[in-house]
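# Coordinates in review
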Number of protein chains: 2
Amino acid sequence: MGNSDSDLLKESFEATHFQLSGHGKRNAGVLKEAFDQVEDTMPSDHYGQGEVIEAFQLKMAKLLGKEAAVFFPSGTMAQQIGLRIWCDEKKLKKVAYHPLSHLEIHEEDGLKELHHIHSVLLAEKNRVIEFEDIIALKEEVACILLELPQREIGGQLPTYETLLNISNWCREKGVKLHLDGARLFEVLPHYKKSAAEVTALFDSVYISLYKGIGGIAGAILAGSRDFAEQSKVWKRRHGGDLISLYPYLVSADYYLGKRFDKMEKYFQDARELAKQFNACEEVSTLPLVPVSNMFHVHFKQPKEQIASLLAEVQKESGIGFTSYLQEATKESCYFEISIGDLYHVIPKEKIDSAFLLLNQRTRL
Amino acid sequence: MGNSDSDLLKESFEATHFQLSGHGKRNAGVLKEAFDQVEDTMPSDHYGQGEVIEAFQLKMAKLLGKEAAVFFPSGTMAQQIGLRIWCDEKKLKKVAYHPLSHLEIHEEDGLKELHHIHSVLLAEKNRVIEFEDIIALKEEVACILLELPQREIGGQLPTYETLLNISNWCREKGVKLHLDGARLFEVLPHYKKSAAEVTALFDSVYISLYKGIGGIAGAILAGSRDFAEQSKVWKRRHGGDLISLYPYLVSADYYLGKRFDKMEKYFQDARELAKQFNACEEVSTLPLVPVSNMFHVHFKQPKEQIASLLAEVQKESGIGFTSYLQEATKESCYFEISIGDLYHVIPKEKIDSAFLLLNQRTRL
């Protein structure tokens, strides 16, 4: 793809007045809005202690139905540590997860380089892990990690029955089950379950505080009290036990309060928007019917062709579809949609005319 | 020490109107003051990229006279990574440092548990590393770490000539020299050198952004361009490559601007204040003449005795000396002073009468 095509796409996106995805620009205003509610005299946390961190951790533990929750600067740190604890407990440095797990493709192999934990890859890349994949596991592992939804394939989900089967199997076999719930709250409307009902199937759970919730950064790792205490020791080893984490804590708490009840709305909006994409002859979404606030939009033409075409559509319609495209094959490409606060403020007729334009241009 | 004594000490400290140490309470106001200067539209950094992080890193690289500087959430993370890079380069997982190095006593053995790097301890606990200790090193190491000033023994320093000798020795022997400069800016007035002059003796350097500078949290790791690039890969592995670090970056930059030129003042204030302590018959400072903004205050009585006595002095004088005491031996104890913005706003006569009281009570 020529620089010019991707640059044009990015520039055209940045010039749009409305965007389909997200909560809006990640800028200083996001932090400042959260802190407008906070007195100057609110004491900082101090190396994991203090009201501001302990109260938030307690709230998250209750919400997630676990004995204890620990705040981490990042999910990368939280999940490596979770898996390390389970591996140490079993004295077996092997875990199993999806080939497109965040740990496998986005963390510079931290799990292997820092913790010397080997990964067994479950299922093919283009589908979620099924119960059959678990049964077929030939190697003994300390822990299985499930990511709900599976982000890299558009945010797909196994059925709830599959989760139950996997959970029961793990308990029978003495294998720990860890939930990569970066977007856990976002899938609850589809499962029609509470967070605690889902996490009850897992021994440990990570959730992100800046995806659907839209905080500044940060993550929660939850589990038993003993698991949480061990994770704090590893947090210090990783260099994540900062003297002050309150900028993230306050923001996470503020936006959780603002957005937790909107997950159903984001989910319905995603389904509505996916229909619009699928109504375009040469465009389709993955999954076809979203099961969370996210999905991927696929095109059957090469990336450079779609980039210049989408740049035009964005320029003419004033609606921002995407700032980037990812190659699927040499002949096809896609981008990701995550519904947040921005979608429902767009006038319906503006969306309709943007899609009319998209359908026309992609058919040519 | 009974809970009651340490509680009394803490409570009496918190009730004081003036305090000798620090810049003031670490509370939400610290963040909010820094962000009052910032437009809502300032874009966030994004996984280590973007104007707000790149500009700050460039500024710090220049200030430290190194090719490149990388922001880290914590010094724990920054230093482990620095040492790991040097160990990998030499294919030797061994480093040497002071027995009271932060890495040895405050990081839950992250260096050993995560990086499998062994430590060789230089010098006795109660003194700084001298050139003789380096010459006497019997084991080959990839890197030597020097902490300036040596915090756990009151912030003592080797002479500048010793630094030169160690640096030359390391270059001759092909051993990397890393600077734990958590409080580097704070020792420059004593050495009468610029930061770049001191760091020129080292291959890599870490500085803290919340000690003398008084930011919210965060650290800088600086060195060659190649070293910096490698450190970013390890930062991701550690889970420190957050989507947004701007709360720390903006605060560090703001308070650096506010306090960098005050280091000379803090240093002179520390020397003045140490004199007052040493004028009390049963009290002494370590070092006797401070070489930075910090020193330890030692008492030749047991911790519980001094705690209740200091609580009274604080209550009567309204001057906060300390909120805690550390046992030195069963029969002696100490606390730490780090001069910041709070000291010079205290009326001189209030300090004098507090010391009169301290001298009277400790003699009894």
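Residues numbered from 1 in each chain as written. Chains lettered and ligands numbered in written order. Predicted model: local features only at pLDDT ≥ 70, side-chain atom pairs only at ≥ 80, totals over all residues. Heavy atoms only, no water.

## Here we look at the overall build of chain A
The test is simple: In DSSP terms, a helix is any run of H or I states spanning at least four residues, a strand is any run of E spanning at least two, and both are numbered starting from the N terminus. This radius of gyration counts C-alpha atoms alone. The globule rule is 2.2 Å times how many residues there are, raised to the power 0.38. Residue exposure (1.4 Å probe, protein chains only): buried if accessible area is under 20% of the type maximum, exposed if over 50%, otherwise partly exposed. Residue contacts are counted whenever heavy atoms from the two residues lie within 4.5 Å of one another. Each accessible area is a Shrake-Rupley estimate made with a 1.4 Å probe; only the visible protein chains count as cover when residues are assessed. Positive residues here are Lys and Arg, negative ones are Asp and Glu, while His and the chain termini are left out of the count. Where a charge lies is defined by one atom per residue type: Lys uses NZ, Arg uses CZ, Asp uses CG and Glu uses CD.
Check the secondary structure of chain A and you find 15 helices and 13 strands. Here the C-alpha radius of gyration of chain A, 21 Å, is about what a compact globule of 364 residues would show, namely 21 Å. For chain A, the spread of C-alpha atoms along the three principal axes comes to 60 × 55 × 40 Å. Taken over 364 residues, chain A has a buried fraction of 60%. Long-range pairs, those at least 24 residues apart, make up 75% of the contacts in chain A between residues at least 6 apart in sequence. In the structure as shown, chain A presents an accessible area of about 14,600 Å², 50% of it carried by carbon and sulfur atoms. Where the 43 positive side-chain charges of chain A centre and where its 52 negative ones centre are 2 Å apart.

## Regarding the environment of W234 of chain A
Here W234 of chain A lies in helix α11 (residues 225-238). Between the alpha carbons of W234 of chain A and I85 of chain A there is a distance of 8.8 Å; along the sequence they are 149 residues apart. Ignoring sequence-local partners within four residues, the contact set of W234 of chain A consists of I81, R84, I85, D88 and H115 of chain A together with E113 and L114 of chain B.

## A few points about the interface of chain B and chain A
Buried accessible area, meaning the area lost when the parts come together, often serves as the stated size of an interface. Rules: The term buried area refers to how much accessible surface (probe radius 1.4 Å) is lost by two components on association, counted for both of them together. By salt bridge we mean one thing: a side-chain nitrogen of Lys or Arg within 4 Å of a carboxyl oxygen of Asp or Glu. Any N or O atom pair separated by 3.5 Å or less is treated as a polar contact, with the protein-specific requirement of one donor-capable and one acceptor-capable atom, and with residues adjacent in sequence counted only for side-chain atom pairs. For this scheme, ten residues count as nonpolar: Ala, Val, Leu, Ile, Met, Phe, Trp, Tyr, Cys and Pro. Four count as charged, namely Asp, Glu, Lys and Arg, and the remainder, Gly too, count as polar.
Contacts between the two partners involve 47 residues from chain B, matched on the other side by 47 residues from chain A. Between chain B and chain A, a total of about 3,900 Å² is buried, with carbon and sulfur atoms accounting for 57% of that surface. The three residues of chain B that bury the most area against chain A are K32, L114 and R237 of chain B, which together make up 16% of that side's buried surface. For the pair chain B and chain A, the interface holds two salt bridges. Here D40 of chain B ties to K32 of chain A by a salt bridge, and the two come within 3.8 Å at their closest N and O atoms. Counting across the interface, chain B meets chain A through 34 residue pairs in polar contact (both at pLDDT 80 or more). Ranked by the residues each element gives to the side of chain B that touches chain A, the list is headed by helix α2 (residues 28-35) of chain B, at six residues. Class assignment of the residues belonging to the side of chain B that touches chain A gives a composition of 22 nonpolar, 14 polar and eleven charged.

## Quick word on the nonpolar core
To keep things clear, this is the line we draw: What makes a nonpolar core is a set of buried Ala, Val, Leu, Ile, Met, Phe, Trp, Tyr and Cys residues whose side-chain atoms join them at distances within 4.5 Å.
Counting residues in each nonpolar core, the largest one holds 196 residues, and the members touching the most others are I144, F277 and F321 of chain A together with I144, F277 and F321 of chain B. Those residues in contact with F321 of chain B, other than ones at most four positions away along the chain, are F13, L20, F277, L310, V313, Q314, F335, I337, A354, F355 and L358 of chain B. Counting residues in each nonpolar core, the second largest holds 52 residues, with C143 and A182 of chain A together with L103 and A219 of chain B among its members.

## Quick word on the packing of helix α2 (residues 28-35) of chain A against α2 of chain B
Condition: Only the stretch in contact is used when a helix axis is fitted, and all axes are lines through C-alpha atoms; the angle between N-to-C directions ranges over 0 to 180 degrees. Throughout, the term roughly parallel applies to angles under 35 degrees, roughly antiparallel to angles over 145, roughly perpendicular to angles from 65 to 115, and oblique to all others. In this scheme, a crossing is called left-handed if the near helix is turned counterclockwise away from the far one by less than a right angle; it is called right-handed if the turn is clockwise.
Direction vectors running N to C along α2 of chain A and α2 of chain B enclose 140°, while the axes themselves pass 11 Å from each other. When the axis of α2 of chain A is compared with that of α2 of chain B, the two are oblique. In terms of crossing hand, the pair formed by α2 of chain A and α2 of chain B is left-handed. Every residue of α2 of chain B that contacts α2 of chain A at A28, L31, K32 and F35 of chain A is listed here: A28, L31, K32 and F35 of chain B.

## Looking at the UniProt feature "domain: Aromatic amino acid beta-eliminating lyase/threonine aldolase" (unreviewed entry) in chain A
What counts is decided by this rule: UniProt positions are given in the numbering used here, feature names are shortened, and annotations may be inferred rather than shown by experiment.
Under the UniProt annotation, the feature "domain: Aromatic amino acid beta-eliminating lyase/threonine aldolase" (unreviewed entry) is placed at residues 44-284 of chain A. Secondary structure content for residues 44-284 of chain A is 48% helix and 15% strand, and the end C-alpha separation is 48 Å.

## Here's the deal with the relation of the copies chain B and chain A
Our working definition: To superpose the copies, least squares is applied to the C-alpha atoms of every residue with a pLDDT of at least 70 in both.
Once chain B is rotated about the relating axis by 180° and shifted along it by 0.0 Å, it coincides with chain A to within an RMSD of 0.0 Å. Such a combination of turn and shift is consistent with a two-fold rotation axis. Of the residues that chain B buries at the interface, 100% are likewise interface residues in chain A, meaning the two copies contact each other through the same surface.

## A closer look at the pattern of salt bridges
All names here are of chain A. Evaluated as defined, the whole model comprises 44 salt bridges over all chains. D253 serves as the salt-bridge partner of K59, at 2.6 Å between the closest nitrogen and oxygen. On the criterion of sequence distance, the pair formed by K59 in helix α3 (residues 51-64) and D253 in helix α12 (residues 246-259) is long-range, its members being 194 residues apart. Classification of K59 as partly exposed rests on a relative accessible area of 40%. On the accessibility criterion, D253 (29% relative accessible area) is partly exposed. Each member of the salt-bridge network shares a partner with another, and the members are E104, D109 and K112.

## Observations concerning helix α4 (residues 75-90) of chain A
Residues and elements named next belong to chain A. Defined as follows: The span expected for a helix works out to 1.5 Å for each residue beyond the first.
Taking 1.5 Å as the rise per residue, α4 with 16 residues should run 22 Å; its terminal C-alpha atoms sit 23 Å apart, in good agreement. Most of α4 sits inside the fold, with 13 of its 16 residues counted as buried. Where α4 begins, the capping side chain belongs to S74, and its oxygen is found 3.1 Å from the backbone nitrogen of M77. Phi turns positive one or two residues past the end of α4, at K91, with a value near 50°.

## Overview of the side chain of T16 of chain A
All names here are of chain A. Relative to the elements of secondary structure, T16 occurs in the loop between α1 (3-14) and β1 (18-19). Of the polar contacts made by the side chain of T16, one reaches the backbone oxygen of F13; its length is 2.6 Å. Polar contacts involving the side chain of T16 include one to the main-chain carbonyl oxygen of F18, which spans 3.4 Å. With residues up to four places along the chain from it excluded, the contact list for T16 reads Q314, G318, I319 and G320.

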